[in-house]
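The residues making up each chain are set out below.
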Amino acid sequence: MKHSQDLNEDVAEILLSEDQIRLKVAEIGKRISADYAGRELTLVSVLKGSLPFMADLMRQIELPLRIDLMEVSSYGGTSTESSGLVRILKDLSAPIDGRDVLLVEDIIDTGLTLNYLLRYLRGKNPKSIRVCSLLDKPARRLVEIPIDYVGFEIPDAFVVGYGLDFGEVYRNLRFVGVLRPEAYES
Amino acid sequence: MSETGAPRDPQAGNAFAHASEAEFAHILDFYQVAWEYEPQVFPILWDLDGNVLESFAPDFFLPDLDLFVELTTLQQHLVRKKNRKVRRMRELYPNLRIKLFYARDFRALMLKYGRSALVSELSGALGQVGPHQNQDAGVEMAGSGGPAVGRPLDLSTPDSAALDTVGSHDRRSRGARRRAVRRAAAAYAPNSTAT
């Protein structure tokens, strides 16, 4: 993969500006604050893509809350990995039994990772578990899972920025943009 | 005979019509989603005597999700034929959920998983498992540089030889396919009969 030194040059179009994201995150935070008022909430961020969203969202929720981080292996990489099974690379640091859990995702497309994570987390007996995703790409969906809080429904394009990467690059862009095909076509 | 998946190595059986199907099975296995490969054949066209003229066998059934998935990584003129069959299937079996995965969807999936280099070899005619395996009957094989290996529809034997599964050869015997058609017809009563 070849990326430009100025990452902005690899972006064909800004899909969601910094301001749009900021306003939406505030809106979701407000809804979550109202929905979980008086309850014990644990936000679980799925590394690495949801980190910026998690960091911004938690500061928009006006409730006492805990945060935790998880990471799961992704399909792909070496052929050895691709013949294996999804693995928890980083598990929760604290138990969630009896707690209200909100899983924070950057994007949901096929729903395969989310499906796996929900099954895994439900096995830890939380009081409730809901899903919050900044982006939803329904055109790619294989596993239909209700998403309780959605920031933006986006078209079927390869997007980067605000945590989303291609080859571990572009996560630090402040906006969500469509990657130029030249950036991923060899 | 259907194959039931997860957990298993889809390459071990070497039973897929197309390399993209094997890759898709790998992805489902990775995420521990149970799958069956071409478990059912659905009649979609009958003659006036009620004999099946045309049928459709979606590539995958995901039992836990109650979803059929059809992969189409072929060229556009073949995709149109698949689209027509999927439309027809949705009309006849409205309670079934089927997702059609186009070449662009598959390409995006590979891109997401960092396997974009595989796209060209998993798509179109290059992804075919072997030259003996035909595409839709009577249709030229995409990019093969030669005439189709497929056979024309034989209307004289509508319930067997003319069964035309979508986009792939069928590894089952005709008898097994007939039985699969009957099972599907019994299990999913269509809205309407022959047209």
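Computed from a prediction, not measured in an experiment: that's the story for all the values here.

## Section: the sheet that holds strand β1 (residues 11-16) of chain A
All names here are of chain A.
Here's step 1: Strand order in the open sheet formed by three strands is β1-β9-β8, and the pairing between neighbours is antiparallel. The sheet is open, and its two edges are formed by β1 and β8 (159-160), each paired on a single side.
Here's step 2: Relative to strand β9 (residues 176-179), β8 is paired through two bridges, and the arrangement is antiparallel. Of the residues in β9, the one forming a bridge with V159 is V178.

## Let's talk about the interface of chain B and chain A
Here's step 1: With 17 residues of chain B at the contact, the number on the chain A side is 20 residues.
Here's step 2: Partitioned by chemical class, the residues of the side of chain B that touches chain A number nine nonpolar, four polar and four charged.

## Some details on the sheet that holds strand β3 (residues 65-72) of chain A
Residue and element names in this part refer to chain A.
Here's step 1: Spatial strand order, β4-β3-β2-β5-β6-β7: six strands in an open sheet with mixed pairing. Each edge of the open sheet is held by one strand with a lone partner, namely β4 (88-90) and β7 (149-153). In this sheet, neighbouring strand axes are inclined to one another by 30° on average, regardless of whether the strands run parallel or antiparallel.
Here's step 2: Here β3 pairs with β4 via two bridges, running antiparallel.

## Thoughts on the confidence of the model for chain A
Here's step 1: Mean pLDDT over chain A: 91, with 95% of residues reaching 70 or higher.
Here's step 2: Contacts for the low-pLDDT stretch residues 78-83 of chain A, under 50 throughout, to residues beyond four places or in other chains number eight contacts.

## Some words on helix α1 (residues 18-35) of chain A
Residue and element names in this part refer to chain A.
Here's step 1: For α1, spanning 18 residues, the distance from its first C-alpha to its last is 26 Å, which sits close to the expected 26 Å at 1.5 Å a residue.
Here's step 2: Taken together, the buried positions of α1 are I21, V25, I28, G29 and I32. The buried residues of α1 occupy an angular sector of 105° when projected down its axis, which confines them to one face. Seen from the open side of α1, the exposed residues pointing more than 90 degrees away from its buried face are D19, L23 and A34.

## Considerations on the nonpolar core
Here's step 1: If you look at the biggest cluster of nonpolar residues, it comprises 63 residues, and the most contacted ones within it are L102, L103 and V104 of chain A together with W35 and F60 of chain B.
Here's step 2: Formed by nine residues, the second largest nonpolar core is a distinct cluster that contains F42, A57, V86 and M89 of chain B.

## Looking at unusual backbone geometry
Here's step 1: Between L47 of chain A and K48 of chain A the backbone carries a cis peptide bond, its omega angle lying at -5°.
Here's step 2: Tracing the backbone through its elements, the reader meets K48 of chain A in the loop between β2 (41-46) and α2 (51-58).
Here's step 3: Phi at E38 of chain B takes a positive value of approximately 40°, unusual for a residue other than glycine.
Here's step 4: The topology assignment puts E38 of chain B in the loop between β2 (36-37) and β3 (42-46).
Here's step 5: Phi is positive for D66 of chain B, close to 50°, though the residue is something other than glycine.
Here's step 6: Inspection of the secondary structure puts D66 of chain B in the loop between β5 (60-62) and β6 (67-71).
Here's step 7: When the 11 C-beta atoms within 10 Å are taken as the criterion, D66 of chain B is described as exposed.

## Digging into the environment of Y113 of chain B
Here's step 1: With respect to the helices, strands and loops of the structure, Y113 of chain B is situated in the loop between α4 (103-112) and α5 (119-122).
Here's step 2: The residues touching Y113 of chain B, leaving out its near neighbours within four places in the chain, are S74, Y75 and G76 of chain A.

What counts, and at which threshold
Residues numbered from 1 in each chain as written. Chains lettered and ligands numbered in written order. Predicted model: local features only at pLDDT ≥ 70, side-chain atom pairs only at ≥ 80, totals over all residues. Pairing = 2+ DSSP bridges. Helix = DSSP H or I, 4+ residues; strand = E, 2+ residues; numbered from the N terminus. Contact = placed C-beta atoms within 7 Å. Nonpolar A, V, L, I, M, F, W, Y, C, P; charged D, E, K, R; others polar. Axes fitted to C-alpha atoms, helices over the stretch in contact; angles between N-to-C directions. pLDDT = per-residue confidence, 0-100. Expected span 1.5 Å × (residues − 1). Buried ≥ 20, exposed ≤ 12 C-beta atoms within 10 Å, placed from the backbone. Arc of directions from axis to C-beta. Core = buried A, V, L, I, M, F, W, Y, C linked by C-beta atoms within 7 Å.

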